[in-house]
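As a plain string of letters, each chain reads:
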Amino acid sequence: MIKVGVLGARGRMGAEVCRAVEGADDLELVAAVDQGDAREALTSAEVVVDFTHPAVVMDNLRWCIEQGLHAVVGTSGFDAERLEQVRAWLRDNPRGNVLIGPNFGIGAVLMMDFARRAAPFFESVEIVELHHPNKADAPSGTAYRTAELVAEARAKAGVGPSPDATTSQIDGARGADVQGVRVHAVRLSGLVAHQEVLLGGHGEVFTIRHDSMNRESFMPGVLLAVRRVADLPDRLTVGIESLLGL
Ligand SMILES: NC(=O)C1=CN([C@@H]2O[C@H](COP(=O)(O)OP(=O)(O)OC[C@H]3O[C@@H](n4cnc5c(N)ncnc54)[C@H](OP(=O)(O)O)[C@@H]3O)[C@@H](O)[C@H]2O)C=CC1
Ligand SMILES: O=C(O)C1=N[C@H](C(=O)O)C[C@H](O)C1
């Protein structure tokens with residue numbers, strides 16, 4: 001049995017993770033912690049899962065690393081600077097691995113991988129992410145990570161910037177620029193979590209779309225990460241691609 005603690009346990013994702021852990025024969029939920037609860041209850045866990053808020057996740061993660069706990073992090077908001085900070089904390093503390101998953105949906109991970117692979121073959125690329133209106137941040141962590149992967153693949157292949165002759169616009173009309181990739185964020189009642197990657201070439205458009213219809217969709221990926229985080233070859237892993245053999 002792997003002992004699991006959940007941070008953000010009363011939130012939309014945290015509550016779903018608690019249910020999934022309780023339903024798994026090989027996992028035991030030993031602590032469910034939310035805003036205002038003492039984190040010390042988590043010291044009885046081997047693996048801590050964090051689905052809280054981008055503003056608090058770094059403090060939680062530093063605490064987990066200092067305690068030598070393995071951490072599976074779903075909370076969004078990780079850029080290169082934050083990842084470097086996590087690496088520094090890991091260097092200073094000998095025990096505990098960290099897996100940060102921008103998206104634990106299997107289809108979403110495939111969407112990111114397909115986008116990365118397709119990126120060098122099209123001169124234009126833009127990302128549209130669509131979420132429920134209670135989401136705390138924009139753009140989504142998934143869109144940010146997709147843009148990073150796409151930008152990296154295009155740079156490696158020597159593809160230049162996406163063509164764009166816009167000279168006049170209202171602020172924000174062309175979305176956010178994430179490493180040269182335009183990212184547009186929609187917030188709409190009725191939605192859960194969705195993304196389209198639009199790739200345009202000569203007379204053709206290739207669209208990759210993923211839809212999470214509910215939060216259960218993330219649970220196979222979260223449980224896979226919980227089961228494997230202790231044995232990962234690197235102290236810090238970003239994404240579950242390697243766990244899926246991608
Ligand atoms: N990687 C993935 O696959 C997915 C990632 N996410 C990400 O997960 C995060 C959470 O999303 P969601 O569940 O919808 O958000 P919610 O707001 O529903 O849940 C977050 C929970 O964390 C609590 N919380 C806030 N601060 C702390 C703290 N310091 N310690 C413990 N608990 C705290 C909140 O309490 P309170 O409300 O009182 O502030 C709330 O109960 C977001 O960053 C989101 O983008 C979401 C879906 C999938
Ligand atoms: O807040 C959400 O809901 C989601 N957050 C993650 C993100 O920011 O990418 C993952 C998924 O999109 C759902």
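Residues numbered from 1 in each chain as written. Chains lettered and ligands numbered in written order. Predicted model: local features only at pLDDT ≥ 70, side-chain atom pairs only at ≥ 80, totals over all residues. Heavy atoms only, no water.

A tally of helices and strands in the protein chain yields six helices and eleven strands. The C-alpha radius of gyration computed for the protein chain amounts to 19 Å, which stays within 12% of the reference 18 Å derived for 246 residues, consistent with globular compactness. The principal-axis extents of the C-alpha atoms in the protein chain amount to approximately 55 × 40 × 30 Å. With 246 residues in all, the protein chain has 49% of them scored as buried. (Helix = DSSP H or I, 4+ residues; strand = E, 2+ residues; numbered from the N terminus. Rg over C-alpha atoms; globule rule 2.2 N^0.38 Å. Buried < 20%, exposed > 50% of the residue type's maximum accessible area, 1.4 Å probe, protein only.)

A few words now on the site of ligand 2. Taken together, Ser76, Pro102, Asn103, His131, His132, Lys135, Ser140, Gly141, Thr142, Ala193 and Phe218 make up the full set of residues adjacent to ligand 2. Here an oxygen atom of ligand 2 sits 2.8 Å away from a polar atom, N or O, in the main chain of Gly141. The contact in question runs from an oxygen atom of ligand 2 to an N or O atom on the side chain of Thr142, over 2.5 Å. For ligand 2, whose free accessible area comes to 320 Å², the fraction covered by protein is 84%. In terms of residue class, the shell around ligand 2 is made up of three nonpolar, seven polar and one charged. (Near = heavy atom within 4 Å. Polar contact = N/O pair within 3.5 Å; in protein donor to acceptor, adjacent residues only side chain to side chain. Areas by Shrake-Rupley, 256 points an atom, 1.4 Å probe, with all protein chains shown as cover. Nonpolar A, V, L, I, M, F, W, Y, C, P; charged D, E, K, R; others polar.)

Quick look at the confidence of the model for the protein chain now. Of all residues in the protein chain, 100% attain a pLDDT of 70 or more, and the chain-wide mean is 98. Here the complex is predicted with pTM 0.98, and the ipTM for its interfaces comes to 0.99. (pLDDT = per-residue confidence, 0-100.)

Turning next to the pattern of salt bridges. According to the stated counting rule, one finds 16 salt bridges in the structure shown. The residue Arg174 makes a salt bridge to Asp164 at a minimum N-O spacing of 3.1 Å. Placement of Arg174 in the loop between α5 (141–157) and β7 (176–178) and of Asp164 in the loop between α5 and β7 is noted, with a sequence separation of ten residues between them. Taking the relative accessible area as the measure of exposure, Arg174 reaches 16% and is therefore buried. Counted as one network, the salt bridges with shared partners bring together Arg39, Asp59 and Arg62. (Salt bridge = Lys/Arg side-chain N within 4 Å of Asp/Glu carboxyl O.)

Turning to the pairing of strand β2 (residues 27–33), a few remarks are in order. Of the pairings in the sheet, the one linking strand β1 (residues 2–7) to β2 comprises six bridges and is parallel in character. Note on β2: the bridge partner recorded for Val6 is Ala32. On the question of chirality, the crossover connecting β1 to the parallel β2 by way of helix α1 (residues 12–22) is right-handed. (Pairing = 2+ DSSP bridges. Right-handed = clockwise from strand over helix to strand, strands pointing away.)

Once that is clear, we can look at the site of ligand 1. The full set close to ligand 1 counts 21 residues, and Arg12, Asp34, Ser76, Gly101 and Phe104 are the nearest of them. The backbone of Gly74 places a nitrogen or oxygen atom 3.1 Å from a nitrogen atom of ligand 1. Interatomic distance of 2.8 Å between a side-chain N/O atom of Lys135 and an oxygen atom of ligand 1. Partitioned by chemical class, the residues of the shell around ligand 1 number eight nonpolar, nine polar and four charged.

Take the state of the cysteines next. Going through the model one piece at a time under the given rule, you end up with zero disulfides. Considering cysteine sulfurs only, Cys64 is the nearest to Cys18, which forms no disulfide, with 14 Å between them. A relative accessible area of 9% means that Cys18 is categorised as buried. (Disulfide = S-S within 2.5 Å.)

Attention now goes to the packing of helix α4 (residues 106–118) against α5. At a minimum axis distance of 8 Å, the contact between α4 and α5 shows a crossing angle of 25°. Judged by the inter-axis angle, α4 sits roughly parallel to α5. Note that α4 runs across α5; the crossing there is right-handed. Contacts between α4 and α5 pair Met111, Met112, Ala115 and Arg116 from the former with Thr142, Arg145, Thr146, Leu149, Val150 and Ala153 from the latter. Within the contact of α4 with α5, the residues separate by chemical class into six nonpolar, two polar and two charged. (Axes fitted to C-alpha atoms, helices over the stretch in contact; angles between N-to-C directions. Parallel < 35°, antiparallel > 145°, perpendicular 65-115°, else oblique. Left-handed = near helix turned anticlockwise from the far one by under 90°. Contact = heavy atoms within 4.5 Å.)

A word on α4. Every α-helix carries 3.6 residues per turn, so stepping three or four residues along brings you back to the same face. A rise of 1.5 Å per residue sets the reference length of α4, with its 13 residues, at 18 Å; its end C-alpha atoms lie 18 Å apart and thus fit the reference within 8%. Among all positions of α4, only Ala108, Val109, Met111, Met112, Asp113, Ala115 and Ala118 are buried. Buried residues along α4 sit against α5, β9 (193–200) and β10 (205–212). (Expected span 1.5 Å × (residues − 1).)

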